[in-house]
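Breakdown of the fold
One letter stands for each residue in the lines below.
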Amino acid sequence: MIQSFRLSSFPVLRTGRLLLRDISPADEYALFRCLSDEEVMRFWGMPALQSLEQAAAMCENFRRGFAEGRHIRWGIIRRKDGVFLGTCGFHSWDLHNHSCEIGYEIDRGHWGNGYATEAIRAIVSFAFSYLDVYRIGALVHPDNRASERVLLNAGFQKEGILSGYMYSEEEFYNLNMFHCKKV
């Protein structure tokens, strides 16, 4: 089973309000600020970051993952002022089945402005056009209603429930599965 992709360079995407680009060492503090927030990380399946060093390691993992074709993670930047809003991207590649999963988060101070939906629409369009992807899945904790709304607004459909699929903080959780397919 092929589980990686190859692109010659990191794809930069633009929307009406956003610039989606690679995450650089200059973004480490903004990433730390976002991912150290307990509310942002509540449904991520891992604890909030505790140090800037963890954010630096995550940035390096994003860069290395792209270079190795394992995942692609964009920094979401507001075009009008260059503010780092969060990240979005793809992981869990299965090129044999032309599928992957999507993940994203937005800094809490920017929730409710439609940035996640706008970013997701852009990267989904990119994946369907350039990455030979037919299906994109999204796993969402049942209590994360905001994320469900984002996905539905971006064209995803709820598919079903994965029982006991996530283990976090010594508990098993169900996850809702959403998907979007190339038309």
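Conventions and cut-offs
Residues numbered from 1 in each chain as written. Predicted model: local features only at pLDDT ≥ 70, side-chain atom pairs only at ≥ 80, totals over all residues. Heavy atoms only, no water. Disulfide = S-S within 2.5 Å. Buried < 20%, exposed > 50% of the residue type's maximum accessible area, 1.4 Å probe, protein only. Salt bridge = Lys/Arg side-chain N within 4 Å of Asp/Glu carboxyl O. Helix = DSSP H or I, 4+ residues; strand = E, 2+ residues; numbered from the N terminus. Arc of directions from axis to C-beta. Contact = heavy atoms within 4.5 Å. Pairing = 2+ DSSP bridges.

**Looking at the state of the cysteines**
Counted according to the given criterion, the structure contains 0 disulfides. Free cysteine Cys34: the closest other cysteine sulfur is in Cys59, separated by 11 Å. Cys34 gets classed as buried once you look at its relative accessible area, which sits at 1%.

**Some points on the pattern of salt bridges**
Enumeration according to the criterion identifies 11 salt bridges in this entry. Among the ionic pairs, Arg108 bridges to Asp37, the shortest N-O distance being 2.9 Å. Here the residue Arg108 occupies a position in the loop between strand 5 (99-106) and helix 4 (115-130), and Asp37 occupies one in the loop between helix 1 (28-35) and helix 2 (38-41), the gap between them amounting to 71 residues. Using a relative accessible area of 41% as the deciding quantity, one classes Arg108 as partly exposed. Classification of Asp37 as buried rests on a relative accessible area of 16%. The partner of Glu60 in a salt bridge is Arg63, and the shortest N-O contact between them spans 3.2 Å. On the criterion of helical spacing, the pair formed by Glu60 and Arg63 is a turn pair, its members being 3 residues apart in helix 3 (residues 52-67). Looking at Glu60, the relative accessible area reads 34%, which means it is partly exposed. Its relative accessible area of 27% is what places Arg63 among the partly exposed residues. Residues participating in the shared-partner salt-bridge network are Glu60, Arg63 and Arg64.

**A closer look at helix 5 (residues 145-153)**
All of the buried residues in helix 5 are Ser147, Glu148, Val150 and Leu151. The arc that holds the buried residues of helix 5, viewed along the axis, is 160 degrees, so those residues lie on one side. Where helix 5 is buried, its residues contact strand 5, helix 4, strand 6 (135-140) and strand 8 (171-181). Directly beyond the C-terminal end of helix 5, a positive phi value near 100 degrees is found at Gly155.

**Here's the deal with the pairing of strand 2 (residues 18-21)**
Note: strand 1 (residues 13-14) against strand 2, 2 bridges, orientation antiparallel. Along strand 2, the bridge assignment pairs Arg14 with Leu19. Taken together, strand 1 and the strand that follows it, strand 2, pair antiparallel across an intervening segment of 3 residues. Note that strand 2 and strand 3 (residues 72-78) share 4 bridges and pair antiparallel. Paired with Arg21 across the two strands is Gly75, which belongs to strand 3.

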